[in-house]
Amino acid sequence: MANTLFPIFLKLDQLNTLVVGGGNVALEKVSAILRNAPNAHITVIAPFIRGDTLAYIEKFPLVNYEIREFVAQDLKGRDLVICATDNVQLHRKIKTLATEQHVLCNVADTPDLCDFYLGSIVQKGDLKIAISTNGKSPTLAKRIRAFLEDVIPMDIQESMDGLEAYRKSLKGDFELKIKALNELTKGLTFKK
């Protein structure tokens, strides 16, 4: 079966994200978000939050945390929820509540309970590429990410800035601009 996921890039500084859990998996999820969106609005809720997780999130003023159990009211006003505990029953409960309230849900290591997955990310300047294996192999996604990081040149930002300036200088309708940009970039290749 083909991967039917639709990739989107979210403006997490305009959304409200809840992470339930305070251990290693929560740290992995929160740090993945904040590496890509340091101004993301995140609340972490867990009865216990590891010291390294606290030390990390306290560096980000828009990240709040509460050391307590999850309650259904915690989903009010949220756009996304990420479940990162080792409590399967809690994850199922949160997924049910999230679905009822139209809150998108990700449950760590449980693809069938996820509305979305966190992909492996390649970023060089303004270029950002998200990689999905449809939840089947995060390890393969990481390998592909490493390959792309290696082959995409460090000076890609200069190329993007030049293309943006050229695009802005073009006159004519959309179709003419596309033709000009296609002509300019047709020989663009990356070599390892």
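Note that this is a predicted model, so its numbers are computed, not measured.

Caption draft 1: View of the nonpolar core. Counting residues in each nonpolar core, the largest one holds 22 residues, and the members touching the most others are V30, L34, I42 and V44. Looking at which element gives the most residues to this core, the answer is helix α1 (residues 24-36), with 5 residues. Setting aside residues up to four positions removed in sequence, V30 forms contacts with V19, I42, V44, Y56 and I57. Ranked by size, the runner-up nonpolar core spans 16 residues in total, among them I45, A98, V107 and C114.

Caption draft 2: Layout of the environment of V44. The topology assignment puts V44 in strand β2 (residues 41-46). Classification of V44 by relative accessible area gives buried; the value is 1%. For the pair V44 and H91, spaced 47 residues apart in the sequence, the C-alpha separation amounts to 15 Å. Ignoring any residue separated from it by four or fewer positions in sequence, one finds V44 in contact with V19, G21, V30, I49, I57, V63, N64, Y65 and E66.

Caption draft 3: Here's a closer look at a negative patch on the surface. A surface patch of negative charge is lined by D126, D155, E158 and D161. Along the chain, D126 falls in the loop between β6 (120-124) and β7 (127-131).

Caption draft 4: Representation of a nonpolar patch on the surface within the structure. A cluster of nonpolar side chains, F6, I8 and L10, forms an exposed patch at the surface whose accessible area comes to about 350 Å². According to the relative accessible area criterion, F6 is exposed, its value standing at 71%.

Caption draft 5: Layout of the environment of S132. Considering the arrangement of structural elements, one finds S132 in the loop between β7 and α4 (138-151). You can call S132 partly exposed: its relative accessible area is 40%. When the C-alpha atoms of S132 and N3 are compared, they prove to be 8.5 Å apart, with 129 residues separating the residues in sequence. Apart from residues no more than four positions distant in its own chain, S132 is found in contact with N3 and L5. Side chain to side chain, S132 and N3 meet in a polar contact 3.2 Å long. Side-chain polar atoms of S132 contact the backbone nitrogen of N134, separated by 2.9 Å.

Rules used throughout
Residues numbered from 1 in each chain as written. Predicted model: local features only at pLDDT ≥ 70, side-chain atom pairs only at ≥ 80, totals over all residues. Heavy atoms only, no water. Core = buried A, V, L, I, M, F, W, Y, C linked by side-chain atoms within 4.5 Å. Buried < 20%, exposed > 50% of the residue type's maximum accessible area, 1.4 Å probe, protein only. Helix = DSSP H or I, 4+ residues; strand = E, 2+ residues; numbered from the N terminus. Contact = heavy atoms within 4.5 Å. Patch = residues over 30% accessible without salt bridge, like charges linked within 9 Å, V, L, I, M, F, W, Y side chains within 5 Å. Areas by Shrake-Rupley, 256 points an atom, 1.4 Å probe, with all protein chains shown as cover. Salt bridge = Lys/Arg side-chain N within 4 Å of Asp/Glu carboxyl O. Lys, Arg positive; Asp, Glu negative; His and termini not counted. Charge placed at Lys NZ, Arg CZ, Asp CG, Glu CD. Polar contact = N/O pair within 3.5 Å; in protein donor to acceptor, adjacent residues only side chain to side chain.

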